[in-house]
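Examination of the molecular architecture
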Amino acid sequence: MPGSHARVVGGSLAGRRLRSPANGTRPATAIVRSSIFDRPAIRDIVEHARVVDLYAGAGYLGIEALSRGAESVDFVERNGAACAVIRRNLEELGLTRHARVHRLPVERCFSRIPLDPDLIFIDPPYRVDALPVIEELSRRANFPEGALAVWRRQVRASGGLRPPPERIGGLVRIDQRRYGDGAIDTYRAEAST
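Because the structure is predicted, anything quoted here is derived from the model rather than measured.

1. Let's talk about the sheet that holds strand β4 (residues 72-77)
- The mixed open sheet is built from eight strands, whose spatial order is β5-β4-β3-β6-β7-β10-β9-β8. Two strands lie at the open edges of the sheet, namely β5 (99-103) and β8 (167-168), each paired on one side alone.
- The pairing of strand β7 (residues 148-154) with strand β10 (residues 182-189) spans seven bridges and is antiparallel. By the bridge assignment for β10, Leu148 is matched with Arg188.
- In the packing of helix α1 (residues 30-37) onto the sheet, the strands contacted are β6 (119-122), β7, β9 (171-179) and β10, and the crossing angle to β9 comes to about 145 degrees.

2. Regarding the packing of aromatic side chains
- Evaluated as defined, the whole model comprises one aromatic pair.
- Above the face of the Trp151 ring, Arg153 is positioned so that its terminal group lies 6.0 Å from the ring centre.

3. What to know about the packing of α1 against helix α3 (residues 60-67)
- For the pair α1 and α3, interaxial distance at closest approach is 11 Å and the crossing angle is 50 degrees. Judged by the angle between their axes, α1 and α3 are oblique. Here α1 and α3 pass one another in a crossing that is right-handed. Counting all contacts with α1, which are made through Arg33, Ile36 and Phe37, the residues of α3 involved are Tyr60, Leu61, Glu64 and Ala65.
- Of the residues contributing to the contact of α1 with α3, the split by class is five nonpolar, no polar and two charged.

4. Quick look at unusual backbone geometry
- Here the phi dihedral of His48 falls at roughly 70 degrees; this positive angle occurs in a residue that is not glycine.
- Positionally, His48 belongs in the loop between α2 (40-43) and β3 (50-54).
- With a relative accessible area of 55%, His48 lands in the exposed category.
- Although it is not a glycine, Tyr55 sits at a positive phi angle of roughly 55 degrees.
- Take Tyr55: it is sitting in the loop between β3 and α3.

5. Focus: the pattern of salt bridges
- Tallied over the entire structure, the rule returns 17 salt bridges.
- Between Arg173 and Asp185 there is a salt bridge; the shortest N-O distance is 3.5 Å. Within this pair, whereas Arg173 is found in strand β9, its partner Asp185 is found in strand β10, the two being separated by twelve residues in sequence. Neither Arg173 nor Asp185 differs from the other in exposure class; each is buried.
- When salt bridges with common partners are traced through the structure, they connect Arg33, Asp38, Glu64 and Arg68 into a single cluster.

6. Things to note about the nonpolar core
- Formed by 34 residues in total, the largest nonpolar core has its most connected members in Ile36, Phe75, Leu90 and Phe121.
- Elements that contribute at least two residues to this core include exactly α1, α3, β4, α4 (80-93), β5, β6 and β7.
- Residue contributions to this core peak at five residues, all from α3.
- Sequence-distant contacts of Phe121, defined by excluding residues within four places in its chain, comprise Ile36, Phe37, Val51, Val52, Asp53, Leu54, Leu61, Ala65 and Val150.
- Grouped together as the second largest cluster of nonpolar side chains are 26 residues, Val52, Leu115, Ile120 and Ile134 included.

Parameters and conventions
Along each chain, numbering runs from 1 in the same order as the chain's sequence is written. With the structure being a predicted model, the display of local features is reserved for residues of pLDDT at least 70 and the display and counting of side-chain atom pairs for 80 or more, all residues being used for whole-chain, interface and lining totals. In computing side-chain values, all of the structure's heavy atoms are included and hydrogens and water are not. Only strands joined by at least two bridges in the DSSP assignment are considered to pair. Elements are defined by DSSP. Helices are runs of H or I of four residues or more, strands are runs of E of two residues or more, and each kind is numbered from the N terminus. Residue contacts are counted whenever heavy atoms from the two residues lie within 4.5 Å of one another. Axis lines are fitted to C-alpha atoms, over the contacting stretch for helices. Their N-to-C directions set the angle, which ranges from 0 to 180 degrees. Aromatic rings from Phe, Tyr and Trp, with only the six-membered ring used for Trp, were paired whenever their centres fell within 6.5 Å, and each pair was classed as stacked if the ring planes differed by under 30 degrees, edge-to-face if by over 60, and tilted otherwise. Definition used: whenever NZ (Lys) or CZ (Arg) falls within 6 Å of the ring centre and also within 35 degrees of the ring normal, the charge is taken to sit over that ring. Here the word oblique covers every angle except those under 35 degrees (roughly parallel), over 145 (roughly antiparallel) and from 65 to 115 (roughly perpendicular). When the near helix sits turned anticlockwise from the far one by under a right angle, the crossing is termed left-handed; a clockwise turn instead gives a right-handed crossing. Think of it as three bins: nonpolar holds Ala, Val, Leu, Ile, Met, Phe, Trp, Tyr, Cys and Pro, charged holds Asp, Glu, Lys and Arg, and polar takes everything else, Gly as well. Buried means the residue's accessible area, taken with a 1.4 Å probe over protein chains only, is under 20% of the maximum for its type, while exposed means over 50%, and partly exposed covers the values in between. Just to be clear on terms, a salt bridge is a Lys or Arg side-chain nitrogen sitting within 4 Å of an Asp or Glu carboxyl oxygen. Only buried Ala, Val, Leu, Ile, Met, Phe, Trp, Tyr and Cys residues count toward a nonpolar core, and they belong to the same one when joined by side-chain atoms within 4.5 Å.

By themselves, these figures tell us nothing about what the structure is for.
Below, the structure written as structure tokens:
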């Protein structure tokens, strides 16, 4: 069964099975999810956080946040099969009242979801350059001071996607880590002046 080997890594639902679509998504592995959620900056804000999971895929990052005490998660995913899997995971884990699944392209979500998250995950397919989306997000979102944006992206040795900037609008990079052919960049929202 697709996704039967994947499990929630931490929090109240640790060890519970997660489903994933048969193909077309690249869910964050248990190692990557542990690395993200074990960072002090994220660990300190995830409980009671309002979370947005962009390019949600199977929804593993948002579900991990809910398992660790997040107040709510808005999942944004354009693929219908992936949205069905997210909904099924939420139902099986008893999380439906804490989550909303939006089937639409990320580029069209800004007028349809709350834009005041404490924590946002940007986890596009590797072929997608998410920088324009993050730039738009930095202009339109009303981030509380100290909110975090976590961008999982591909790293290529030559050519390909642009390297991430140190600053994207009011978001300032505070951490960058490599994982094989990928990297995770964490940005913090500055106080508005």
